[in-house]
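Structural overview for review
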Amino acid sequence: MSQPMIAAAQYRGDKTFTLENVPLPAPKPGEVPVRIAFCGICGTDMHVYHGNMDARVGFTRVLGHEMSGVVDADGEGFTKGQKVVVRPLDHCGDCPACRAGHQHICHSLKFLGLDTDGAMQEVWNVPAHTLHILPDDIRMDHAALIEPVAVACHDVRLSNLQAGEDVLVIGGGPIGVLVAMVARDAGGKVVISEVNAHRLAILQKLGFDTVNPAETDLQADIMTRTGDKGADVVFEVSGTQPGVDAMTACAATRARIVMVAIHAAKPAVDMFQFFWRELQLIGVRVYEPVDYEKAITMITSGGVDADTVITDVAPLADIQQAFENLDASPTAMKSLIKVGA
Ligand SMILES: [Zn+2]
Ligand SMILES: [Zn+2]
């Protein structure tokens, strides 16, 4: 009997993917095979594409962690045909973070789809503990948003946002827009700061109040909107120095500032404002199981407008073109790869 083969997109370095026909690998003990439906392209995947993570991923890596799929064979308590998503984190179980119950920030955390092969292949074997079961009637393209929505759910949960509070989201890209949606769903009065005209149009279509800080004084605008109080909760999603300046300038007394963006370089932070107005800075990283369950609810309830956030869908065979297109138009929101037939 000939071994079954699957298509897998491998990253080869130098902004290049090749589509390979590889033998279907047998799941190891504790693993479940998942047949992939859709997989989103993450900002992290674009970092890999640009060659910034070659030392970490190598030159045969299958990327992809924002996926939806169905269980491909019975085992480990799962049944063939069940719709699932993967929470792409594998922890060691034995470090101080794991022992304290914070497995999502394990000191030796493996991120599936970067440190291991990921979902841009037809079948993906994953540890059973990473799976969340989806409702049967969920749309699989929408379900590929669950991973980034879970990021937003984690960010909003750790902000301790209360209904009626004034919220400023600095940066209206793919993560910022999801943070804004989850914050609005939690009862926050949300304003988004964004400079890109194309993104502003999408944000306005989604019903958000927006400010373009290239045209308007952001601090003055937020103070006017909040009766000179400032925003109770600020999400810094821009990863820029002007964003870091705005996060303290626009904050209310005792505001919580949530650091969502990854700042590769050390920004200058107005520490005096933390003293003067008793501000709090909250670090947030990935998600915990409860955030995945919340994200599944956000998708199925329509709390996240998935059709507006998903701006492009391409088949796996066109992965090279999909990355080139996204690279050429960084204003797109979410691009999906359709992996399944
Ligand atoms: Zn991601
Ligand atoms: Zn650990």
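On a predicted model such as this, the values are computed, not experimentally measured, just so you know.

**Some remarks on the domain arrangement of the protein chain**
- As assigned here, the protein chain comprises domain 1 (5-145 + 304-338) and domain 2 (149-283).
- Averaged C-alpha coordinates put domain 1 and domain 2 at centres separated by 29 Å.
- Listed by partner, the interface residues are eleven residues for domain 1 and 15 residues for domain 2.
- Taken together, the two surfaces of domain 1 and domain 2 that pack against each other cover about 1100 Å², and 75% of this comes from carbon and sulfur.
- Across the domain 1-domain 2 interface, the total number found is zero salt bridges.

**Remarks on the coordination of the zinc ion (ligand 1)**
- Listed as protein donors to the zinc ion (ligand 1) are Cys 42 (SG), His 65 (NE2) and Glu 66 (OE); their distances from the metal cover 2.1 to 2.7 Å.
- Mapped onto the polypeptide sequence, the residues donating to the zinc ion (ligand 1) form the spacing pattern C-x22-H-E. Here Cys 42 is found in the loop between strand S3 (31-40) and helix H1 (43-49), whereas its partner Glu 66 is found in strand S4 (residues 66-71), with 24 residues between them in sequence. Glu 66 matches Cys 42 in its accessibility class, with the two residues each being buried.

**So, the coordination of the zinc ion (ligand 2)**
- Around the zinc ion (ligand 2), the protein contributes the donor atoms Cys 92 (SG), Cys 95 (SG), Cys 98 (SG) and Cys 106 (SG), which lie 2.3 to 2.4 Å from the metal centre.
- Given four donor atoms and angles of 102 to 119 degrees at the metal, the environment of the zinc ion (ligand 2) is assigned as tetrahedral.
- Every donor residue of the zinc ion (ligand 2) comes from the same chain, spaced as C-x2-C-x2-C-x7-C. Here Cys 95 matches Cys 98 in class, with each residue buried.

**Here we look at the packing of aromatic side chains**
- Throughout the structure, instances matching the rule amount to nine aromatic pairs.
- Among the aromatic residues, those joined into a cluster by ring pairs are Tyr 11, Phe 17, Tyr 49, Phe 59 and Phe 323.
- When the ring centre of Phe 208 is taken as origin, the NZ or CZ atom of Arg 184, which lies over that ring, is 3.8 Å away.

**Some remarks on the pairing of strand S8 (residues 123-127)**
- The buried fraction of S8 amounts to five of the five residues, a majority that puts the element mostly inside the structure.
- Of the strand pairs in this sheet, S3 and S8 are connected by five bridges, and their pairing is antiparallel. Looking at the pairing, Arg 35 lines up with Val 123 of S8.

**Describing helix H8 (residues 218-225)**
- Of all the positions in H8, only Leu 218, Asp 221, Ile 222 and Met 223 are classed as buried.
- Lining the buried residues of H8 we find strand S10 (166-170), strand S11 (189-193), strand S12 (209-211), strand S13 (231-236), helix H9 (241-249) and strand S14 (251-259).
- Where H8 begins, one side-chain oxygen reaches toward the backbone nitrogen of Gln 219, 3.1 Å away; that side chain belongs to Asp 217.
- In the segment just after H8, Gly 227 is the residue with positive phi, at about 60 degrees.

**Observations regarding the state of the cysteines**
- For the structure on display, the rule yields zero disulfides.
- The cysteine Cys 39 is free of any disulfide, with Cys 42 supplying the nearest cysteine sulfur at 9.4 Å.

**Description of the nonpolar core**
- Residues Met 67, Met 120, Ile 146, Val 149, Val 169 and Phe 235 are the most contacted members of the largest nonpolar core, which totals 101 residues.
- In terms of domain composition, this core takes at least three residues from each of domain 1 (5-145 + 304-338) and domain 2 (149-283).
- Not counting residues within four places of it along the chain, the set of residues in contact with Val 149 comprises Leu 178, Val 182, Ala 295, Met 298, Ile 299 and Val 304.
- Core analysis: the next-biggest nonpolar cluster, separate from the first, contains 19 residues, Ile 170, Val 244, Ala 246 and Ala 252 among them.

**Things to note about helix H6 (residues 174-185)**
- The terminal C-alpha atoms of H6, which comprises twelve residues, lie 17 Å apart, in line with the 16 Å expected from a rise of 1.5 Å per residue.
- Within the sequence span of H6, burial applies to Gly 176, Val 177, Leu 178, Val 179, Ala 180, Met 181, Val 182 and Ala 183.
- Residue Gly 187 follows H6 closely and has a positive phi angle near 100 degrees.

**A look at the environment of Asp 232**
- The residue Asp 232 is located in strand S13 in this model.
- A relative accessible area of 14% places Asp 232 in the buried class.
- For the pair Asp 232 and Cys 250, spaced 18 residues apart in sequence, the C-alpha to C-alpha distance is 9.1 Å.
- Leave out the neighbours within four places in its chain, and Asp 232 touches Glu 165, Asp 166, Ala 252, Ala 255 and Arg 256.

Scoring rules and cut-offs
Residues numbered from 1 in each chain as written. Chains lettered and ligands numbered in written order. Predicted model: local features only at pLDDT ≥ 70, side-chain atom pairs only at ≥ 80, totals over all residues. Heavy atoms only, no water. Domains from an automatic or database assignment. Contact = heavy atoms within 4.5 Å. Buried area = accessible area lost by both parts, 1.4 Å probe. Salt bridge = Lys/Arg side-chain N within 4 Å of Asp/Glu carboxyl O. Donors = N, O, S within 2.8 Å, 3.2 Å for Na, K, Ca; no water. Helix = DSSP H or I, 4+ residues; strand = E, 2+ residues; numbered from the N terminus. Buried < 20%, exposed > 50% of the residue type's maximum accessible area, 1.4 Å probe, protein only. Tetrahedral: all angles 85-135°; square planar, octahedral: opposite > 155°, others 65-115°. Phe/Tyr/Trp six-rings, centres within 6.5 Å; stacked < 30°, edge-to-face > 60°. Lys NZ or Arg CZ within 6 Å of the ring centre and 35° of its normal. Pairing = 2+ DSSP bridges. Polar contact = N/O pair within 3.5 Å; in protein donor to acceptor, adjacent residues only side chain to side chain. Disulfide = S-S within 2.5 Å. Core = buried A, V, L, I, M, F, W, Y, C linked by side-chain atoms within 4.5 Å. Expected span 1.5 Å × (residues − 1).

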